[in-house]
Amino acid sequence: MTRGESHITATIADDAAGWRLDRALAAAVPTLSRERLKALISSGRVTGPKGLVRDPAAKAVAGAYAVDVPAPVAAHNEAQDIALEIVFEDEHLLIVDKPAGMVVHPAAGNFDGTLVNALLHHCAGRLSGIGGVARPGIVHRIDKDTSGLLVVAKTDVAHEGLAAQFAKHSIDRVYRAIVAGRPNPAEGKVDAPLARSSANRQKMAIVEADRGKRAVTHYKMVRPLRESALVECRLETGRTHQVRVHMTSLGHPLLGDPVYGRIRQGLRDVLKEAGFERQALHAAELGFIHPVTRAALSFKSDIPSDMQELLSALAL
């Protein structure tokens, strides 16, 4: 193994035998995307029970697979001196309180000014390489226009340990959202699988169980507001746009949501007057077991000023 390269052992479960190899490995190694695994398989970096595998479409067999992940190399990612609000940091990981408007990792149309660019500068390149070139250190993400807490891995050991907790749904994540209307009942659970919308690939949608990934959100109303409410959403799973889609499915879309939100004119007027132009969603609490020290960690982030102003504008 060359310096900076990481070696992952992935175990394909019996019930995943017969799946496409890239799909089975993506289920077994949540730190790597399916596209990333396709590339690694094709480049001869995956070895299974029957030896080297180069076809991502090959049928997986139950057992252990070795995945060699090359060290991240410079691509569009450049270290940039961008201010970050660091809530906690040690040699293994750090917690960032991300502002709304900041993209987590570079992608088409956002090749700089991202959280990754800022992290490369702050950590002087000392970030986990498991996420690949585009996402060094990124274990999970929150949307560009969602604010709040995010954990970042500085070492591969931390990355793997955190990813395992995310896969087991043992990470404690609580969001605060301002939604249209007032949920009735005031608290409950949405258990509805999510997948890409077949009508619009930019959106997520509730689908049949065999088409999507299970998604569970526990919600409760924290404070009634004018034609709206402040809601707390505790995630049992963490799927893309989960809170936004689940709350919309209840008839209570997030205020300011440009994708899923359809609200009354009166609320649109309040948003315009307040200059609020994002989904009203904040990652307020984050808790997990430190993957190296095994200490229980818990962090909280106050609702940011723009959402506070919106709450004041909607106060009864």
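Worth saying up front: this structure is predicted, and the values here are computed from it rather than measured. (Residues numbered from 1 in each chain as written. Predicted model: local features only at pLDDT ≥ 70, side-chain atom pairs only at ≥ 80, totals over all residues. Heavy atoms only, no water.)

(A) A look at the packing of aromatic side chains. Evaluated as defined, the whole model comprises 2 aromatic pairs. On the basis of an interplanar angle of 45° and a centroid distance of 5.5 Å, the ring pair of Phe88 and Phe299 is categorised as tilted. In this pair, Phe88 is assigned in strand S5 (residues 86–89) and Phe299 in strand S15 (residues 296–300), connecting sequence segments 211 residues apart. When its relative accessible area of 10% is taken as the criterion, Phe299 is described as buried. Relative to Phe299, the ring of Phe288 has its centre 6.3 Å away and its plane inclined at 40°; by these criteria the two rings are tilted. One end of the pair, Phe288, is in strand S14 (residues 281–289); the other, Phe299, is in strand S15, and 11 residues separate them in sequence. (Phe/Tyr/Trp six-rings, centres within 6.5 Å; stacked < 30°, edge-to-face > 60°. Helix = DSSP H or I, 4+ residues; strand = E, 2+ residues; numbered from the N terminus. Buried < 20%, exposed > 50% of the residue type's maximum accessible area, 1.4 Å probe, protein only.)

(B) Geometry of the environment of Asp269. Counting through the fold element by element, Asp269 comes out in helix H6 (residues 265–274). Only 2.7 Å separates the side chain of Asp269 from the side chain of Gln265, close enough to count as a polar contact. (Polar contact = N/O pair within 3.5 Å; in protein donor to acceptor, adjacent residues only side chain to side chain.)

(C) Quick look at the pattern of salt bridges. Following the criterion strictly, the structure yields 13 salt bridges and no others. In this structure, Asp143 engages Arg244 in a salt bridge whose closest nitrogen and oxygen atoms are separated by 2.9 Å. In this pair, Asp143 sits in the loop between helix H3 (115–122) and strand S7 (147–153) while Arg244 sits in helix H5 (residues 242–249), placing the two residues 101 residues apart along the sequence. A residue is classified by how much of its surface remains accessible, and Arg244, at 4% relative accessible area, is buried. Between Arg244 and Asp257 there is a salt bridge whose closest N-O contact spans 2.8 Å. Of this pair, Arg244 sits in helix H5 while Asp257 is found in the loop between H5 and H6, placing the two residues 13 residues apart along the sequence. Like Arg244, the residue Asp257 is buried in the burial classification. Because the salt bridges share partners, they merge into one network encompassing Arg141, Asp143, Arg244 and Asp257. (Salt bridge = Lys/Arg side-chain N within 4 Å of Asp/Glu carboxyl O.)

(D) Focus on the sheet that holds strand S1 (residues 6–12). The antiparallel open sheet is built from 4 strands, whose spatial order is S1-S4-S2-S3. Each end of this open sheet is capped by a strand with a single partner; those strands are S1 and strand S3 (51–53). Along the sheet, successive strands turn relative to each other by an average axial angle of 30°, direction set aside. Sheet topology note: the strand S2 (residues 46–48)/S3 ladder contains 3 bridges and is antiparallel. Its bridge partner being in S3, Thr47 is matched across the sheet by Leu52. Running over the sheet, helix H2 (residues 34–42) touches S2, S3 and strand S4 (63–69) and is turned about 90° from S4. (Pairing = 2+ DSSP bridges. Axes fitted to C-alpha atoms, helices over the stretch in contact; angles between N-to-C directions. Contact = heavy atoms within 4.5 Å.)

(E) Spotlight on the packing of helix H1 (residues 21–28) against H2. Where H1 meets H2, the closest approach of the two axes is 9 Å, and the angle between their N-to-C directions is 125°. When the axes of H1 and H2 are compared, the pair comes out oblique. The two elements H1 and H2 cross, and the hand of that crossing is right-handed. Residue-level inspection shows Leu21, Asp22, Arg23, Leu25 and Ala26 of H1 in contact with H2, the latter providing Arg34, Leu37, Lys38 and Ile41. (Parallel < 35°, antiparallel > 145°, perpendicular 65-115°, else oblique. Left-handed = near helix turned anticlockwise from the far one by under 90°.)

(F) A look at H6. Within H6 the residues assigned to the buried category are Leu267, Val270 and Leu271. The arc that holds every buried residue of H6, seen down its axis, measures 95°, which confines them to one face. For H6, the exposed residues lying more than 90 degrees away from the buried face are Lys272 and Glu273. Against the buried residues of H6 lie strand S8 (172–180), strand S13 (228–235) and helix H7 (305–314). Following H6 by one or two positions, Gly275 has its phi on the positive side, about 65°. (Arc of directions from axis to C-beta.)

(G) Representation of the side chain of Ser147 in the model. Take Ser147: it is sitting in strand S7. The class of Ser147 is buried, set by a relative accessible area of 3%. For Ser147, the residues in contact, after removing those within four places along its chain, are Lys98, Pro99, Ala100, Ile142, Arg278, Leu281, His282, Ala283 and Pro304.

(H) A look at unusual backbone geometry. Put simply, Asn184 and Pro185 share a cis peptide bond, and its omega is 10°. Examined against the element boundaries, Pro185 turns out to sit in the loop between S8 and strand S9 (187–191). In the Ramachandran plot, Arg294 falls in the positive-phi region, its phi being about 70° despite a non-glycine side chain. Along the polypeptide, Arg294 turns up in the loop between S14 and S15. For Arg294, a relative accessible area of 53% gives the class exposed.

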